[in-house]
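Chain by chain, the residues:
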Amino acid sequence: MVDTARAARMAKRISSIVASAIGTEIKDPRLAHVTITDARVTNDLHDATLFYTVMGESIDAEPDYEAAAAGLAKATGILRSKVGAGTGVRFTPTLTFVLDTVPDSARHMEELVARARANDEMVARQAQEATPAGDVDPYRAREDDIENGTGKDGSVE
């Protein structure tokens, strides 16, 4: 019987155990800027996928994704034993680490929205300065045409 609520609780617990272990117990300098963002556990509780992000040492520094992945790969065994001790389940799930691309996607979407806003502002400025190509109101009949009974093009109505 599948218990998705239990899998969700287990994922939350695993994510907090792994994040805590990375922050306090594992002394690998490659993991200093790693943050666990999400965890998903299969319904049979045998496999856990942990999503992580890596920050740079400073705001301008580019994060070292390869070193973080190598550090997580090396620490997987220790982290799995911590998860087993912290959860108390019969079978400790295998841990798989996946780089979380959501922050990069969000940043890219914000750039696209900013670019679209700039284009909209440019079009609005051009529209304010624009004048109609023909008459201001092409459907309005001139008063002298109405008196003569002719249309705009001079035809008789």
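You'll find the structure just up there.
Below, the discussion takes up the overall build of the chain. Looking only at helices and strands, one finds four helices and three strands in the chain. Listing the helices and strands of the chain from first to last along the sequence gives α-β-β-α-β-α-α. Counting only residues that meet the buried cut, the chain has 27% of its 157 residues in that class. Within the chain, counting contacts between residues at least 6 apart in sequence, those at least 24 apart form 54% of the total.

Bringing the nonpolar core into the picture now. Membership of the largest hydrophobic core comes to 27 residues, with the highest contact counts inside it found for Ile14, Val18, Leu79, Leu95 and Phe97. Looking at this core, the elements with two or more residues in it are helix H1 (4–25), strand E1 (34–41), strand E2 (47–54), helix H2 (65–87) and strand E3 (94–99). In terms of residue count, the dominant contributor to this core is H1 (eight residues). Excluding anything up to four places from it in sequence, leucine 79 contacts Val18, Ala21, Ile22, Ile26, Leu95 and Phe97.

Before going further, it helps to examine the packing of aromatic side chains. A complete count under the given rule lists zero aromatic pairs for this structure. Cation over ring: arginine 80 sits above phenylalanine 91, and NZ or CZ is 5.7 Å from the ring centre.

The subject of this paragraph is H1. Because the α-helix completes a turn every 3.6 residues, residues three or four places apart line up on one side. Compared with an ideal rise of 1.5 Å per residue, which puts 22 residues at 32 Å, H1 spans 30 Å between its outermost C-alpha atoms and is within 8% of the ideal. Among the residues of H1, Ala7, Met10, Ala11, Ile14, Ser15, Ile17, Val18, Ala21 and Ile22 are the ones counted as buried. Elements in contact with the buried residues of H1: E1, E2, H2 and E3.

Okay, the pairing of E2 next. Taken across its eight residues, E2 has six buried, putting it largely inside the fold. Pairing of E1 with E2, which is carried by seven bridges, proceeds in the antiparallel orientation. By the bridge assignment, valine 34 is partnered in E2 with valine 54. Where E1 hands over to E2, the hairpin turn is made up of five residues, of which leucine 45 adopts a positive phi near 65 degrees. Two elements, E2 and E3, share six bridges in a ladder whose sense is parallel. Paired with leucine 50 across the strands is phenylalanine 97, a residue of E3. A crossover links E2 with its parallel partner E3, the connecting element being H2, and its sense is right-handed.

Now for H2. Taking 1.5 Å of rise per residue, 23 residues should cover 33 Å, yet H2 covers just 29 Å from first to last C-alpha, more than 12% shy of that figure. The sharpest bend along H2 comes to roughly 50 degrees, located at threonine 76. For H2, every residue scored as buried is listed here: Ala67, Ala68, Gly71, Leu72, Ala75, Thr76, Leu79, Val83 and Gly84. Summarising the contacts, the buried residues of H2 are in contact with H1, E1, E2 and E3. At the N-terminal boundary of H2, the capping side chain belongs to aspartate 64, with an oxygen 3.5 Å from the backbone nitrogen of alanine 67. Trailing H2 by a residue or two, glycine 88 shows a phi angle of about 70 degrees, which is positive.

Each value, and the rule that gives it
Counting restarts for each chain, with residues numbered from 1 along the sequence as it is written. Restriction of local features to residues with pLDDT of at least 70 applies here, the model being predicted, together with a cutoff of 80 or more for giving and counting side-chain atom pairs; totals for whole chains, interfaces and linings are based on all residues. With hydrogens and water excluded, all non-hydrogen atoms of the structure serve as input to the side-chain values. Each helix corresponds to a stretch of at least 4 residues labelled H or I by DSSP, and each strand to a stretch of at least 2 residues labelled E; elements are numbered beginning at the N terminus. The buried label applies to any residue whose accessible area, calculated with a 1.4 Å probe on protein chains only, is under 20% of its type's maximum; exposed applies above 50%, and partly exposed to all values in between. Any two residues having at least one pair of non-hydrogen atoms within 4.5 Å are treated as being in contact. We call a set of buried residues a nonpolar core when its members are Ala, Val, Leu, Ile, Met, Phe, Trp, Tyr or Cys and they connect through side-chain atoms within 4.5 Å of each other. Note on aromatic pairs: the rings of Phe, Tyr and Trp (six-membered ring only in Trp) are paired at centre separations within 6.5 Å, and the planes decide the class, stacked below 30 degrees, edge-to-face beyond 60, tilted for the rest. Whether a charge sits over a ring comes down to the Lys NZ or Arg CZ being within 6 Å of the ring centre and within 35 degrees of the ring normal. A helix is expected to span 1.5 Å multiplied by its residue count minus one. Strands are labelled as partners when DSSP assigns at least two bridges between them. Classification remark: right-handed applies to a crossover when, strands pointing away from the viewer, the course from the first strand over the helix to the second runs clockwise. To get the bend at a given residue, fit one axis to the seven residues ending there, fit another to the seven starting there, and take the angle between those axes. N or O atoms closer than or at 3.5 Å make up a polar contact, with two conditions inside protein: a donor-capable atom paired with an acceptor-capable one, and, for residues adjacent in sequence, both atoms drawn from side chains.

Fair warning: the whole summary comes from geometry, so function is off the table for now.
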